[in-house]
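Residues per chain are reported as follows:
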Amino acid sequence: MKIVVHIDNARQWQEALSQALPQATVLTSEAPADERRGADYLAVWKAPAHLLQEQTALKGIINLGAGVDYLLSTKGLPANVPIVKLRDAGMGELMADYALYGVLHFYRSMDRYAAQQPHACWKPHTVVEKADWPVGVLGLGAIGAHVATTLQQAGFPVLGWSRSPKAIKGVECLHGDAGLDALLPRVKSVITILPDTAATRHLLDARRLAQLPEGASIINPGRGSLIDEQALLEALGSDDAPGHVRGALLDVFHEEPLPKEHPLWQHPRVVITPHMAAPTPLAEAIDQVISYLHAFEAGETLPTVSSGQGY
Ligand code: NDP
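Residues numbered from 1 in each chain as written. Predicted model: local features only at pLDDT ≥ 70, side-chain atom pairs only at ≥ 80, totals over all residues. Heavy atoms only, no water.

1. Details of helix H12 (residues 282-297)
Moving on, step 1. A rise of 1.5 Å per residue sets the reference length of H12, with its 16 residues, at 22 Å; its end C-alpha atoms lie 22 Å apart and thus fit the reference within 8%.
Moving on, step 2. Within two residues after H12, Gly 299 carries a phi angle of roughly 75°, on the positive side. (Helix = DSSP H or I, 4+ residues; strand = E, 2+ residues; numbered from the N terminus. Expected span 1.5 Å × (residues − 1).)

2. Considering the packing of helix H1 (residues 10-20) against H12
Any two packed helices are characterised by how steeply their axes cross, that is the angle between the axes, and by the distance between the axes.
Moving on, step 1. Running from N to C, H1 and H12 cross one another at 50°; their axes reach a closest spacing of 11 Å. By the angle between their axes, H1 is oblique relative to H12. As H1 packs across H12, the resulting crossing turns out to be right-handed. Residue-level inspection shows Gln 12, Trp 13, Ala 16, Leu 17 and Ala 20 of H1 in contact with H12, the latter providing Leu 282, Ala 285, Ile 286, Val 289, Ile 290 and Leu 293.
Moving on, step 2. Among the residues making up the contact of H1 with H12, the classes are represented as 10 nonpolar, one polar and no charged. (Axes fitted to C-alpha atoms, helices over the stretch in contact; angles between N-to-C directions. Parallel < 35°, antiparallel > 145°, perpendicular 65-115°, else oblique. Left-handed = near helix turned anticlockwise from the far one by under 90°. Contact = heavy atoms within 4.5 Å. Nonpolar A, V, L, I, M, F, W, Y, C, P; charged D, E, K, R; others polar.)

3. Some thoughts on the site of the ligand
Moving on, step 1. The immediate surroundings of the ligand are formed by 30 residues, with Lys 85, Arg 163, Ser 164, Lys 166 and Pro 221 found nearest.
Moving on, step 2. Here Lys 166 contributes a side-chain N or O atom positioned 2.6 Å from an oxygen atom of the ligand.
Moving on, step 3. One of the side-chain nitrogen or oxygen atoms of Arg 223 is found 3.3 Å away from an oxygen atom of the ligand.
Moving on, step 4. Its free accessible area being 940 Å², the ligand has 92% of it covered by the protein chains.
Moving on, step 5. Among the secondary structure elements, those contributing two or more residues to the shell around the ligand are helix H5 (91-107), helix H7 (142-153) and strand E7 (158-162).
Moving on, step 6. For the shell around the ligand, the element with the highest residue contribution is H7, accounting for three residues. (Near = heavy atom within 4 Å. Polar contact = N/O pair within 3.5 Å; in protein donor to acceptor, adjacent residues only side chain to side chain. Areas by Shrake-Rupley, 256 points an atom, 1.4 Å probe, with all protein chains shown as cover.)

4. Quick word on the packing of aromatic side chains
Moving on, step 1. Summed over all chains, the structure comprises three aromatic pairs.
Moving on, step 2. A centroid spacing of 5.5 Å and a plane angle of 70° characterise the contact between Tyr 107 and Trp 133, whose relative ring orientation is edge-to-face. In this pair, Tyr 107 is assigned in helix H5 and Trp 133 in the loop between helix H6 (110-116) and strand E6 (135-138), connecting sequence segments 26 residues apart.
Moving on, step 3. Taking relative accessible area as the criterion, Tyr 107 reaches 7% and is therefore assigned buried.
Moving on, step 4. Overall, Trp 133 belongs to the buried group, its relative accessible area being 6%.
Moving on, step 5. Taken together through their ring pairs, the aromatic side chains of Tyr 107, Trp 133 and Phe 156 make up a single cluster.
Moving on, step 6. The positively charged end of Lys 130 is found above the aromatic ring belonging to Phe 156, 5.3 Å away from the centroid. (Phe/Tyr/Trp six-rings, centres within 6.5 Å; stacked < 30°, edge-to-face > 60°. Buried < 20%, exposed > 50% of the residue type's maximum accessible area, 1.4 Å probe, protein only. Lys NZ or Arg CZ within 6 Å of the ring centre and 35° of its normal.)

5. Here's the deal with the sheet that holds strand E8 (residues 171-175)
Moving on, step 1. Reading across the sheet, the seven strands line up as E8-E7-E6-E9-E10-E11-E12 and stay open at both edges, with parallel pairing between neighbours. Both edges of this open sheet fall to E8 and strand E12 (270-272), since each of them pairs with a single strand only. If you compare each strand with its neighbour and ignore which way they point, the axes differ by 15° on average.
Moving on, step 2. Its contacts with the sheet place H5 against E6, strand E9 (189-192), strand E10 (216-220), strand E11 (245-250) and E12, and it is angled at close to 155° to E11. (Pairing = 2+ DSSP bridges.)

6. What about the domain arrangement of the protein chain?
Moving on, step 1. As far as domains go, the protein chain holds domain 1 (2-89 + 280-297) and domain 2 (91-272).
Moving on, step 2. Between the C-alpha centres of domain 1 and domain 2 there is a distance of 33 Å.
Moving on, step 3. The interface of domain 1 with domain 2 comprises 12 residues on the first partner and 10 residues on the second.
Moving on, step 4. Of the roughly 730 Å² buried between domain 1 and domain 2, counting both surfaces, carbon and sulfur atoms make up 53%. (Domains from an automatic or database assignment. Buried area = accessible area lost by both parts, 1.4 Å probe.)

7. Let's talk about the side chain of His 6
Moving on, step 1. Residue position: His 6 is located in strand E1 (residues 2-6).
Moving on, step 2. Here the side chain of His 6 touches Ser 29 through a polar contact of 2.8 Å, side chain to side chain.
Moving on, step 3. Those residues in contact with His 6 that sit more than four places away from it in its chain are Ser 29, Ala 43, Val 44, Trp 45, Lys 46, Ala 47, Pro 48, Leu 51 and Leu 64.

8. Some points on the pairing of E11
Moving on, step 1. For E11, the buried fraction is high: six of the six residues fall into the buried class.
Moving on, step 2. The pairing of E10 with E11 spans five bridges and is parallel. Considered in E11, the bridge of Ile 219 is made with Leu 249.
Moving on, step 3. Relative to E12, E11 runs parallel, the two being bridged by three bridges. From the neighbouring strand, Ala 248 faces E12, where its bridge partner is Val 270.

9. A closer look at the pattern of salt bridges
Moving on, step 1. The tally for this structure, following the rule as stated, stands at 11 salt bridges.
Moving on, step 2. Across the pair Asp 40 and Lys 59 runs a salt bridge, and its minimum N-O distance is 3.8 Å. Here Asp 40, found in the loop between helix H2 (33-36) and strand E3 (41-44), pairs with Lys 59, found in the loop between helix H3 (49-53) and strand E4 (60-63); they are 19 residues apart in sequence, far enough to count as distant.
Moving on, step 3. Taking relative accessible area as the criterion, Asp 40 reaches 15% and is therefore assigned buried. (Salt bridge = Lys/Arg side-chain N within 4 Å of Asp/Glu carboxyl O.)

Okay, structure coming up:
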C-alpha cells in the first residue's frame, strides 16, 4: 500500500503512519514525483492541485481535516475516487475551547475592559446570570454537537440549529429556515460551525444579522463564507455610530490570510485569529485515518463526502 501525505506536519504523519502500518510505503508530498505516482491513498490537507492530478490509481482520499471545501474545489480532483473526512478526531474539544472562550469574552465584558485599558478606565460591568445569556450554535455535526454540549455544561442555555432534526441532551434543537428565524432573535451570542456549501454561503447576511437582538456577539470558527463580511461591518457600525452587533471573534474569512488592508483588521470590536480554532491533532486523528485505510482495503462502505453537498 502506498500513501502520500500532505499537511504542515507531514513528516510527523509519515512517521506515525509508517509505525502503525509497517508494510506500507508512506511518502510526504516532498518526495520526488516519480516516487509519488501510483499511490493507493492520499492523506491530505490543502494539497496543491498537481498532487491530485498526477495520481492514476487512487483507491481513496482522506481529508486530514473536517472542512472539505478546499479539497472539493481543487482543480483536477479525480472523479469517482471516494473521499472521507475526519469526524471530530479531537477537533471537537479544541473547537469547544475556542467557542467557550468566545462566549466568555463577551459574557464577562472582556471586550469592554480591553477598550477601557488604553484610557486607564476602572469601570466594572455587571455580570448577568448565565441563564440570561442564551447561545446559538449553528451546525450540530461532529464538532458543533461537541460545542453545544460544552456550552450547555458550562451553564449557558443553548439553542442548536442544523439542516435535519437533532436531539442533543440539554440543547434546544431547531432546524430548517423557520428554525433559524426562531433562533436568531433569542440568542446573545451565536457561533457558526457549518461547512461552506452553496446553501450556507452568506447565511448570515444583512437580513439575518438584523434578526439578532441589540448587543449580540458573533463567533465564527466555521468558514468565512458563512457571513457577509460587508453586512457584518455595517451591523457592527463604528465607535461614533455603533450598530446593533456588539462584537465578533472571527477565525475564518472569505480570503485567507485576511488581506492587510481589510477593514475587519482595524475594527475596534473585532478579534481576529488566523484560522487556528481547531487544528487537526495528530495523536487523536491517527487512529481514525488508520481505520479508514483498513476499511478501504477491506472494501467496506465508508461515510464518504458528497461533492454536491460540500461534505
Ligand atoms: P459535519 O459535517 O459533521 O456537520 C455539519 C453540520 O452542519 C451538520 O449538523 C449539518 O446539518 C449542518 N449543516 C450543513 N448544511 C446545512 C444547511 N444548509 N443548513 C443547516 N445546517 C446545515 O461538520 P463538522 O462538525 O465536522 O465541521 C463543521 C465545520 O467546521 C467544517 O465544515 C469546517 O468548515 C469547520 N471547521 C473549522 C475549523 C477551524 O479550525 N476553524 C476546524 C474544523 C472544522 P445536518 O446534520 O442536519 O446535515
